[in-house]
There are 2 protein chains.
Amino acid sequence: MPDQIPEDSVGLVTPQRAHFDAPLQLASGRTLPEFELVYETYGTLNADRTNAVLVCHALSGNHHAAGYHSMEDRKPGWWDLCIGPGKPIDTNRFFVVAPNNLGGCHGSTGPNSQNPATGRFYGPDFPMVTTRDWMHAQARLADRLGIERFAAVAGGSLGGMQALQWAVDLPERIAHAVVIAAAPKLSAQNIAFNEVARQAILRDPEFHGGRYLELGSYPKHGLSLARMVGHITYLSDDAMGQKFGRELRNPELTYDYNHQFQVESYLHYQGDVFSERFDANTYLLMTRALDYFDIAKEYDNDLTQAMAQARCKFLLVSFTTDWRFSPARSEEMVQALIAAGRNLSYARIEAAQGHDAFLLSIPRYSELLRSYFTRIAARLPASA
Amino acid sequence: MPDQIPEDSVGLVTPQRAHFDAPLQLASGRTLPEFELVYETYGTLNADRTNAVLVCHALSGNHHAAGYHSMEDRKPGWWDLCIGPGKPIDTNRFFVVAPNNLGGCHGSTGPNSQNPATGRFYGPDFPMVTTRDWMHAQARLADRLGIERFAAVAGGSLGGMQALQWAVDLPERIAHAVVIAAAPKLSAQNIAFNEVARQAILRDPEFHGGRYLELGSYPKHGLSLARMVGHITYLSDDAMGQKFGRELRNPELTYDYNHQFQVESYLHYQGDVFSERFDANTYLLMTRALDYFDIAKEYDNDLTQAMAQARCKFLLVSFTTDWRFSPARSEEMVQALIAAGRNLSYARIEAAQGHDAFLLSIPRYSELLRSYFTRIAARLPASA
């Protein structure tokens, strides 16, 4: 619980819901007959509706990007460091929209929602979704809110891929794309890690082909294991080394398989907490959306041609020790943007924390975002 | 099947067994009342018994290091590229000894052996073993074979750690240590990956606390998953990318969780094959032996002081794209050896294959081993 809500916080926030009756055609060829998005907003939409920023979440994120849900909340939203009055995405200037993605497990229509066709949980019948599907659903929300064009679409990791999808697919609807710690597509190694995570879930006997909710069971072990392997890829080797090294929980080796090294306990804790707050079917969906993301695929695998579709300005950010989506992956995009003659800024931020850095307090990174968003704000109409 | 056994092969080989009646005191404080080692030898021990080379296997290896077990064998031993007449470890000059480690699952006493105290499989009651325990068991085998001092102890990865253990613990019994793609101890990230692999096994309901053999079950899913995650760490990101990229098995995405990318099929294949030839309890033991390895621990965590115990000469080898035990880890040892005034050679080999490189045909690596072992051979008595 925050003893007192900090002054630069957006404060107490209440998630909102938007229901969409018109069917949504998905990349898979399937159709979602109707759907709902849960989302939060921070700040005020200006009179000419030009100051909206869409914040897209990563694999395990949700719509709660900033502020607190109650005075009992121990932790604010996932990007609270960045969103708030006077913060880099300054809610005194911007109107921030943060939805939970379709297929999610925190309120938007997903595997844990009721399938209107059967009256049962969707479970494994929920259709596979892609970053493009998310973009279309987010665009519907923008329509509902009266936002024709976002001042910026921003996100890290899978969130950055959504910003990129907006830039390429809906070029007239976005003024700036802020693409942090992302990649134009996954590498074989990225896919391999995702597949291990999925198999941990699929092979858990409590998974029951995805119908665990109906059966009152839950693949907790598998989901926790999936998170453990994912978590290793979020941290740099050095960060893990500095955090835990080979420290033992007790001074003596016990010659068994109980957690003896601090890093083991940490991983178990991360896995357990995650398995209690997240849904296994959603985890499968999100990792597959990552695997499928490939922005150049429809452009003869020519990233420059893909980037040439964009009309917005770009800020790309990478972190030196990120080995999940390394600086080299961001620099592929930078090269393509340069070749396509786009307007871009790029920063490779010195940071020890690995991929996780995009969520953390790193002064140069915060300053960079602040200065970029200040420039965006400066060009908004005075009414903003 | 080799249509014909190649001329530079050691040919058909038959594993041998050595039984040891005297109890073996283990690092854990427990005692193994008796044990057996299965091993292979190639070449001939010279009259003054000075040309013996001990080859230590890595996590998933065994005593079958070279040659073929039968004319039906499709693959030779795991280091056949390196061991044979005219090969880098030239069996015309050297007598090579390759044991299966204690706790293994290919013939040496391990979890699948009968516990003399109960008449049942050891299973989870088999004591935890360390590289030092392996060294002591190997030293017993050397005694049995009449080898007082090895011309060299050599191995890659966990095998290299055993060579290091010999150099430090039994300095009078080893003339050269060949330490390939190893590290003086595991990093937090290394331990984290091992823990994920162990949890995949421990959480498989077919594991039954390690008593699966007695119960006629087998944790195939868990062991296969453990191997999948391990395998990712054996290959470099680039090697995986070059081998598989994002290639699809079929031209169209299927929007489901079946294997669609080649890298997924490959991982599954590796996991399945491994789970059929390896034992889950042994996998747990071997990963724990890795976690526990820390050559400097007893020397106030001072690697130089540890290395100062050695009397042998050293060859250290690392591979540029190995991210499991990176060149930096070998170079820690090089620095300590220099500081300790030891005689050493070191090569960082340019190789795209990652950690797996130590098992592969890489001309500069083969030439290096050849030249090093030629120098060793040149100093053997003429009778060799």
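Reading the values: the criteria
- Residues numbered from 1 in each chain as written.
- Chains lettered and ligands numbered in written order.
- Predicted model: local features only at pLDDT ≥ 70, side-chain atom pairs only at ≥ 80, totals over all residues.
- Heavy atoms only, no water.
- Helix = DSSP H or I, 4+ residues; strand = E, 2+ residues; numbered from the N terminus.
- Rg over C-alpha atoms; globule rule 2.2 N^0.38 Å.
- Buried < 20%, exposed > 50% of the residue type's maximum accessible area, 1.4 Å probe, protein only.
- Contact = heavy atoms within 4.5 Å.
- Areas by Shrake-Rupley, 256 points an atom, 1.4 Å probe, with all protein chains shown as cover.
- Expected span 1.5 Å × (residues − 1).
- Pairing = 2+ DSSP bridges.
- Axes fitted to C-alpha atoms, helices over the stretch in contact; angles between N-to-C directions.
- pLDDT = per-residue confidence, 0-100.
- Disulfide = S-S within 2.5 Å.
- Least-squares fit on C-alpha atoms with pLDDT ≥ 70 in both.
- Buried area = accessible area lost by both parts, 1.4 Å probe.
- Salt bridge = Lys/Arg side-chain N within 4 Å of Asp/Glu carboxyl O.
- Polar contact = N/O pair within 3.5 Å; in protein donor to acceptor, adjacent residues only side chain to side chain.
- Nonpolar A, V, L, I, M, F, W, Y, C, P; charged D, E, K, R; others polar.
- Parallel < 35°, antiparallel > 145°, perpendicular 65-115°, else oblique.
- Left-handed = near helix turned anticlockwise from the far one by under 90°.
- Core = buried A, V, L, I, M, F, W, Y, C linked by side-chain atoms within 4.5 Å.

Draft legend 1. Region of interest: the overall build of chain A. Summing up its helical and strand segments, chain A has 10 helices and 12 strands in all. Rg of the C-alpha trace for chain A: 21 Å, near the compact-globule value of 21 Å for 384 residues, within the 12% margin. The C-alpha extent of chain A, read off along each of the three principal axes, is 65 × 50 × 50 Å. Split into buried and exposed, the 384 residues of chain A put 60% on the buried side. At a minimum sequence separation of 6, the contacts of chain A that also span at least 24 residues come to 72%. With the model as given, the accessible surface of chain A reaches about 14,600 Å², and the carbon-plus-sulfur share is 48%.

Draft legend 2. Summary view of helix α6 (residues 262-277) of chain B. Between its first and last C-alpha atoms α6(B) spans 23 Å; for 16 residues at 1.5 Å apiece the expected length is 22 Å, and the two agree. What α6(B) keeps buried is the set B:Val263, B:Glu264, B:Ser265, B:Tyr266, B:Leu267, B:His268, B:Gln270, B:Gly271, B:Phe274 and B:Ser275.

Draft legend 3. Representation of the sheet that holds strand β10 (residues 176-180) of chain B. All names here are of chain B. With mixed pairing, eight strands are arranged side by side in an open sheet as β1-β4-β8-β5-β9-β10-β11-β12. Of all strands in the sheet, those with a lone pairing partner are β1 (16-20) and β12 (344-349), marking the two edges. Strand-to-strand, the axes of this sheet are offset by a mean angle of 20°, without reference to chain direction. Two elements, strand β11 (residues 313-319) and β12, share six bridges in a ladder whose sense is parallel. Paired with Ser-318 across the bridge in β12 is Arg-348. Where helix α1 (residues 131-145) meets the sheet, its contacts fall on β1, β4 (35-42), β5 (52-56) and β8 (95-99), and the angle it forms with β4 comes to roughly 60°. Contacts from helix α9 (residues 327-339) reach β10, β11 and β12, with the element oriented near 160° to β11.

Draft legend 4. Structural context of the confidence of the model for chain A. Confidence in the prediction of chain A, expressed as mean pLDDT, is 96, and 98% of residues score 70 or more. For this predicted complex, the interface confidence reaches an ipTM of 0.95, while the overall pTM sits at 0.96.

Draft legend 5. Just the sheet that holds strand β11 (residues 313-319) of chain A, in detail. Residue and element names in this part refer to chain A. Strand order in this open sheet of eight strands is β1-β4-β8-β5-β9-β10-β11-β12, and the pairing throughout is mixed. Looking at which strands have only one partner, the edges of the open sheet turn out to be β1 (16-20) and β12 (344-349). Across the sheet, the mean angle from the axis of one strand to that of its neighbour is 20°, orientation sign disregarded. Relative to strand β8 (residues 95-99), strand β5 (residues 52-56) is paired through three bridges, and the arrangement is parallel. Within the sheet, the bridge partner assigned to Val-53 lies in β8 and is Val-96. Here helix α1 (residues 131-145) sits on the sheet in contact with β1, β4 (35-42), β5 and β8, set at roughly 60° to β4. Its contacts with the sheet place helix α2 (residues 158-169) against β5, β9 (152-156), β10 (176-180) and β11, and it is angled at close to 150° to β9.

Draft legend 6. Structural detail: the side chain of A:Ser113. Residues and elements named next belong to chain A. Within the fold, Ser-113 resides in the loop between β8 and α1. By relative accessible area, which is 19% here, Ser-113 ends up buried. Once you skip the residues sitting within four places of it in the chain, Ser-113 turns out to touch Ser-108, Arg-120, Phe-121 and Tyr-122.

Draft legend 7. Seen up close, the state of the cysteines. According to the stated counting rule, one finds zero disulfides over all chains in the structure shown. A:Cys56 provides the cysteine sulfur closest to A:Cys105, a residue in no disulfide bond, and the two sulfurs are 17 Å apart.

Draft legend 8. Representation of the relation of the copies chain A and chain B within the structure. Note on the identical chains: chain A maps onto chain B by a rotation of 180° and an axial translation of 0.0 Å, with an RMSD of 0.0 Å. Accordingly, the operation relating the two chain copies is best matched by a two-fold axis. Looking at chain A, 100% of its interface residues are interface residues in chain B too, so the copies touch through the same face.

Draft legend 9. Geometry of the interface of chain A and chain B. Between chain A and chain B, the contact holds 56 residues from the first and 56 residues from the second. Contact between chain A and chain B buries roughly 4,900 Å² in total, counting both sides, with carbon and sulfur atoms accounting for 65%. When the area that chain A buries against chain B is broken down by residue, the three leading residues are A:Arg246, A:Tyr255 and A:Tyr257, summing to 18%. We note a salt bridge from A:Glu264 to B:Arg198, for which the minimum N-O separation is 2.9 Å. Taken together, the links from chain A to chain B amount to 32 residue pairs in polar contact (both at pLDDT 80 or more). It is helix α3 (residues 188-202) of chain A that contributes the most residues to the side of chain A that touches chain B, 11 residues altogether. For the side of chain A that touches chain B, the per-class residue count stands at 29 nonpolar, 15 polar and 12 charged.

Draft legend 10. Molecular detail of the pattern of salt bridges. Tallied over the full model, the rule gives 34 salt bridges over all chains. A:Glu331 is the partner of A:Arg348 in a salt bridge, and the nearest nitrogen-oxygen pair spans 3.5 Å. Placement of A:Arg348 in strand β12 and of A:Glu331 in helix α9 (residues 327-339) is noted, with a sequence separation of 17 residues between them. According to the relative accessible area criterion, A:Glu331 is partly exposed, its value standing at 24%. Notably, a salt bridge pairs B:Arg198 with B:Asp291, separated by 2.7 Å at the nearest N-O pair. A residue pair is termed long-range when its members are at least 10 positions apart, and B:Arg198 in helix α3 (residues 188-202) and B:Asp291 in helix α7 (residues 280-292) qualify at 93 residues. Relative accessible area serves as the criterion here: at 0%, B:Arg198 is assigned to the buried category.

Draft legend 11. Looking closely at the packing of helix α6 (residues 262-277) of chain A against α3(B). Contact geometry for α6(A) and α3(B): axes closest at 9 Å, N-to-C directions at 55°. With respect to each other, α6(A) and α3(B) are oriented oblique. By crossing handedness, the relation of α6(A) to α3(B) is classed as right-handed. Along the contact surface, α6(A) presents A:Val263, A:Glu264, A:Leu267 and A:His268, while α3(B) presents B:Ala188, B:Ile191, B:Ala192, B:Glu195, B:Val196, B:Arg198 and B:Gln199. Along the lines of polarity and charge, the residues of the contact of α6(A) with α3(B) split into six nonpolar, two polar and three charged.

Draft legend 12. Examining unusual backbone geometry more closely. All names here are of chain A. We note that Tyr-255 has phi near 55°; this positive angle belongs to a residue other than glycine. On the secondary structure map, Tyr-255 appears in the loop between α5 (237-243) and α6. Tyr-255 gets classed as partly exposed once you look at its relative accessible area, which sits at 23%.

Draft legend 13. Structural detail: the nonpolar core. Ranked by size, the top nonpolar core spans 268 residues in total, and within it A:Phe319 and B:Phe319 carry the most contacts. Among all residues touching A:Phe319, those that are not within four sequence positions of it are A:Ile180, A:Ala181, A:Pro327, A:Ile349, A:Ala351, A:Gly354, A:Ala357, A:Phe358, A:Ile362 and A:Tyr365.

Draft legend 14. Region of interest: the packing of α3(B) against α7(B). Residues and elements named next belong to chain B. Running from amino to carboxyl end, α3 crosses α7 at an angle of 160°, the nearest separation of the two axes being 10 Å. Judged by the inter-axis angle, α3 sits roughly antiparallel to α7. In this structure, α3 meets α7 at a crossing whose hand is left-handed. Here Ile-191, Asn-194, Ala-197, Arg-198, Ile-201 and Leu-202 of α3 come into contact with α7, specifically with Ala-280, Tyr-283, Leu-284, Thr-287, Arg-288, Leu-290 and Asp-291. In the contact of α3 with α7, the residues fall into eight nonpolar, two polar and three charged.

Draft legend 15. Focus on α1(A). All names here are of chain A. In this model α1 runs 21 Å from its N-terminal to its C-terminal C-alpha over 15 residues, within 8% of the 21 Å that 1.5 Å per residue would give. Turning to α1, its buried residues are Thr-131, Asp-133, Trp-134, Met-135, Ala-137, Gln-138, Ala-139, Leu-141, Ala-142 and Leu-145. Positive phi appears at Gly-146, one or two residues downstream of α1, with a value of about 75°.

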